[in-house]
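Survey of secondary and tertiary structure
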Amino acid sequence: MGPPRAASPAGAAVDATAGVTVKVTDRYVEIKNGIFELTLSNPDGIVTGVRYNGVDNLMEILNKEDNRGYWDLVWNPPGQKTGIFDVIKGTEFRIIYQDENQAEVSFTRNWDPSLEGKAVPLNIDKRFIVLRGSSGFYTYGIYEHKEGWPDFGLGETRVAFKLRKDKFHYMALADDRQRIMPMPDDRLPPRGQPLAYPEAVLLVDPINPDLRGEVDDKYQYSCEDQYNNVHGWMSFDPPIGFWQITPSDEFRTGGPLKQNLTSHVGPTMLAMFLSAHYAGDDLSPKFTNGEYWKKVHGPVFMYLNSSWDGSDPTMLWEDAKVQMMIEKENWPYCFALSEDFQKTEQRGCVSGRLLVRDRYIDDQDLYASGAYVGLALPGEAGSWQRECKGYQFWCRADVDGSFYIRNIVTGKYNLYAWVPGFIGDYRLDATLTISSGDDIYLGDLVYEPPRDGPTMWEIGVPDRSAAEFYVPDPNPNYVNRLYINHPADRFRQYGLWERYAELYPNSDLVYTVGQSDYTTDWFYAQVNRKLDDNTYQPTTWQIKFNLDSVSPSSTYKFRVALASSALAELQVFFNDQDKARPHFATGLIGRENAIARHGIHGLYWLFNIDVASAWLVQGVNTIYLKQPRSQSPFQGLMYDYLRLEGPCGC
């Protein structure tokens, strides 16, 4: 077959050199460029139609027009816990700019006091851009909360596209995460059987019999934002791809490890900007005391491609990846016309080199190879993972710790970092003010990770994930076949939390330092044990280790890095699990839901516990790790890394 191109000869006249035209009627705005035609409702700004490659409409024509391609949000008035879902509909349309090379249109919805309690207190400007010769369209939104306006919380905002279910059956998120998907009807009784929560459904009698017995759950297709650049759907007849490309993470919240939804059964395709998924309420911004806030979400690109013939539709995925790289190279876009979206010359850069100083590992400073280095709003060390109002800019350091962060929006930031292989978070003490054209060189920066004494033993790898621990095979009755023989994503199977009670039916996990292997003997999550009467029992894990001697009147250090917590608590006992009060307790922490949502991490929690030598004995010691909250199967902890340090100088 030939390479993918703008459109195939399958009945569609294509002129990639044609100019861009805009036609406005009372009900619609139609934008054409000779390759495709975009239809938006007027003045709502809903994508009602995409005509391409001989197909009149790629959007789901069986849906109402306002349920095809739309911006939405979930918001909360003060004191109200239940979020209000709002498909954002404009009330005013205008053409920002139009010539034969480009069209940009705007759909705005402004807030005024008469709307208090009825609509989210934001001015919202949704923009759409079509370029000459471009096989797709861009969209971005400018949200503004003016000073003195009512308080509110924002739980989620995104762009959603619902494609034709009679055409789009094949979904692709990554080279090794793509498959034929079930139909939406397969999720409904009697074809589908609901499981432990509404998103998870067992396919009992799917339209495609090859999918019988599989589990479908949109959270199985989540992705960390750092890898969430392109995903979407393919039609085989005719061979068409419809892709969502996100060229920058700067407008997403929570940093590069934040996980978000991508595409799922519908066929649905999402561009997530802000959500509480895998993080909980910490990632839902609260706007209080009438504070001013303005942010640009996007632009993101909806890319259309097709092939000369239908012999190898997977080439459409390869082409979409190439287009994603082109979009990244072109960021920040010079053609987005809102003054709130800064162009390259308006932005700044920061560079330097990060070193790690841990004298218990090496006498010399070490290169922070592969470190995550980023700018986010000023805060405490590590606050970036809960930051959800500003922009963030991240890069990975080179082998020698060098980093260069480009295209930073002007403003005040702290520089943050964390280094795979080391616990804790780095923050540069100074606040950085980025002005247009800045190229700030910070020189050598030194991160000193938490350390009081030599390592006596350690469990796991400090990488903010539980992936290195034992992830069981799924129950054969609840399998997503995509993830069979798929080591990197084996944790994405449904129901793994129930495997713990099968492995440990009567007693809990015991890990013996020097004998046990954390890849096989440390379960990926400390979950509750399900009992025969469908209640749940707390679990207490043990770490056994030998001390040849105990340094009297000294303080040891027990460091516990958690990869996630879901309405859970960690209680730690040293050699006495019957003690009335634990030697250490976190209290109730976390709403990350990573256990139920097939994640391998949520937020990162680091606890540094002073251990009095009187708590330890010469010979065999036991640390008891208890998670006492047991109302639900999804309450529990994921560990990242555990380490016992001896007293300084021992």
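Residues numbered from 1 in each chain as written. Predicted model: local features only at pLDDT ≥ 70, side-chain atom pairs only at ≥ 80, totals over all residues. Heavy atoms only, no water.

- The protein appears in an unreviewed UniProt entry as rhamnogalacturonan endolyase from Sorghum bicolor.
- Under the UniProt heading Subcellular location (unreviewed entry), the note attached to the protein is "Secreted".
- The protein has a UniProt comment under Catalytic activity (unreviewed entry) that states "Endotype eliminative cleavage of L-alpha-rhamnopyranosyl-(1->4)-alpha-D-galactopyranosyluronic acid bonds of rhamnogalacturonan I domains in ramified hairy regions of pectin leaving L-rhamnopyranose at the reducing end and 4-deoxy-4,5-unsaturated D-galactopyranosyluronic acid at the non-reducing end." (UniProt positions renumbered as here; feature names shortened; annotations may be inferred.)

1. Some thoughts on the overall build of the protein
- Looking only at helices and strands, the protein features three helices and 46 strands.
- Here the protein has a C-alpha radius of gyration of 26 Å; the compact-globule value for 650 residues is 26 Å, and the two agree.
- With respect to the three principal axes, the spread of C-alpha positions in the protein is 85 × 60 × 55 Å.
- Among the 650 residues that make up the protein, the fraction classed as buried is 59%. (Helix = DSSP H or I, 4+ residues; strand = E, 2+ residues; numbered from the N terminus. Rg over C-alpha atoms; globule rule 2.2 N^0.38 Å. Buried < 20%, exposed > 50% of the residue type's maximum accessible area, 1.4 Å probe, protein only.)

2. Re the nonpolar core
- Within the largest apolar cluster, 104 residues are counted, with the highest numbers of intra-cluster contacts made by Phe242 and Leu354.
- If you tally residues by element for this core, the top one is strand β24 (residues 293-306), at seven residues.
- Taken together, domain 1 (21-176 + 218-330) and domain 2 (344-447) each give at least three residues to this core, which thus spans both.
- Counting residues in each nonpolar core, the second largest holds 67 residues, with Leu202, Leu261, Tyr511 and Phe574 among its members. (Core = buried A, V, L, I, M, F, W, Y, C linked by side-chain atoms within 4.5 Å. Domains from an automatic or database assignment.)

3. Side note on the domain arrangement of the protein
- According to the domain assignment, the protein contains domain 1 (21-176 + 218-330), domain 2 (344-447) and domain 3 (455-645).
- Using C-alpha coordinates to define each centre, domain 1 is positioned 39 Å away from domain 3.
- Taken together, the contact between domain 1 and domain 3 spans 12 residues of the former and 17 residues of the latter.
- Summing the contributions of domain 1 and of domain 3, the shared interface buries around 1400 Å²; its carbon and sulfur component is 49%.
- Of all residues in domain 1, the largest losses of buried area upon contact with domain 3 belong to Tyr219, Gln220 and Tyr278, amounting jointly to 46% of the total for that side.
- For the interface between domain 1 and domain 3, the tally reads zero salt bridges.
- Where domain 1 meets domain 3, there are nine residue pairs in polar contact (both at pLDDT 80 or more).
- Tallied by class, the residues present in the side of domain 1 that touches domain 3 amount to five nonpolar, four polar and three charged. (Contact = heavy atoms within 4.5 Å. Buried area = accessible area lost by both parts, 1.4 Å probe. Salt bridge = Lys/Arg side-chain N within 4 Å of Asp/Glu carboxyl O. Polar contact = N/O pair within 3.5 Å; in protein donor to acceptor, adjacent residues only side chain to side chain. Nonpolar A, V, L, I, M, F, W, Y, C, P; charged D, E, K, R; others polar.)

4. Some details on the packing of aromatic side chains
- Within this structure, the stated rule accounts for 48 aromatic pairs.
- With 5.2 Å between their ring centres and 70° between their planes, Trp331 and Tyr333 make a pair best called edge-to-face.
- Among the residues examined, Trp331 registers a relative accessible area of 9% and is labelled buried.
- Ring centres of Tyr333 and Phe335 lie 4.8 Å apart, and the angle between their planes is 20°; this geometry places the pair in the stacked category. Judged on exposure class, the residue Tyr333 and its partner Phe335 are both buried.
- Clustering of aromatic rings is evident, with ring pairs tying together Trp71, Tyr138, Tyr140, Tyr143, Phe251, Phe273, Phe301, Tyr303, Trp331, Tyr333, Phe335 and Phe341.
- A cation sits over an aromatic face here: Lys295 above Tyr391, 5.6 Å from the ring centre.
- A cation over an aromatic ring shows up here: Arg386 above the ring of Trp605, its NZ or CZ 4.7 Å from the ring centre. (Phe/Tyr/Trp six-rings, centres within 6.5 Å; stacked < 30°, edge-to-face > 60°. Lys NZ or Arg CZ within 6 Å of the ring centre and 35° of its normal.)

5. Quick notes on the confidence of the model for the protein
- Of all residues in the protein, 97% have pLDDT values of 70 or greater, and the mean over the chain is 95.
- Low confidence marks residues 1-11, where pLDDT is under 50. Its contacts with residues over four positions away, or in another chain, come to 31 contacts. (pLDDT = per-residue confidence, 0-100.)

6. Here's the deal with the state of the cysteines
- Summed over all chains, the structure comprises zero disulfides.
- Distance from the sulfur of Cys334, which forms no disulfide, to the nearest cysteine sulfur (Cys349) is 17 Å. (Disulfide = S-S within 2.5 Å.)

7. Structural notes on the pattern of salt bridges
- Overall, the coordinates contain 46 salt bridges when judged by the stated rule.
- Put simply, Asp473 and Arg490 hold a salt bridge, and the shortest N to O gap is 2.9 Å. Remark: Arg490 occurs in the loop between β34 (455-460) and α2 (499-503) and Asp473 occurs in the loop between β34 and α2; sequence separation between them is 17 residues.
- Looking at Asp473, the relative accessible area reads 48%, which means it is partly exposed.
- The shortest N-O distance in the salt bridge between Arg492 and Asp489 comes to 2.5 Å.

8. Notes on the environment of Asn123
- Among the structural elements, Asn123 can be located in strand β9 (residues 123-131).
- Among the residues examined, Asn123 registers a relative accessible area of 11% and is labelled buried.
- For the pair formed by Asn123 and Ile142, sequence separation is 19 residues and the distance between their alpha carbons is 7.9 Å.
- With near-sequence residues (within four places) excluded, Asn123 lies in contact with Arg109, Asn110, Trp111, Ile142, Tyr143, Glu144, Lys146 and Trp149.

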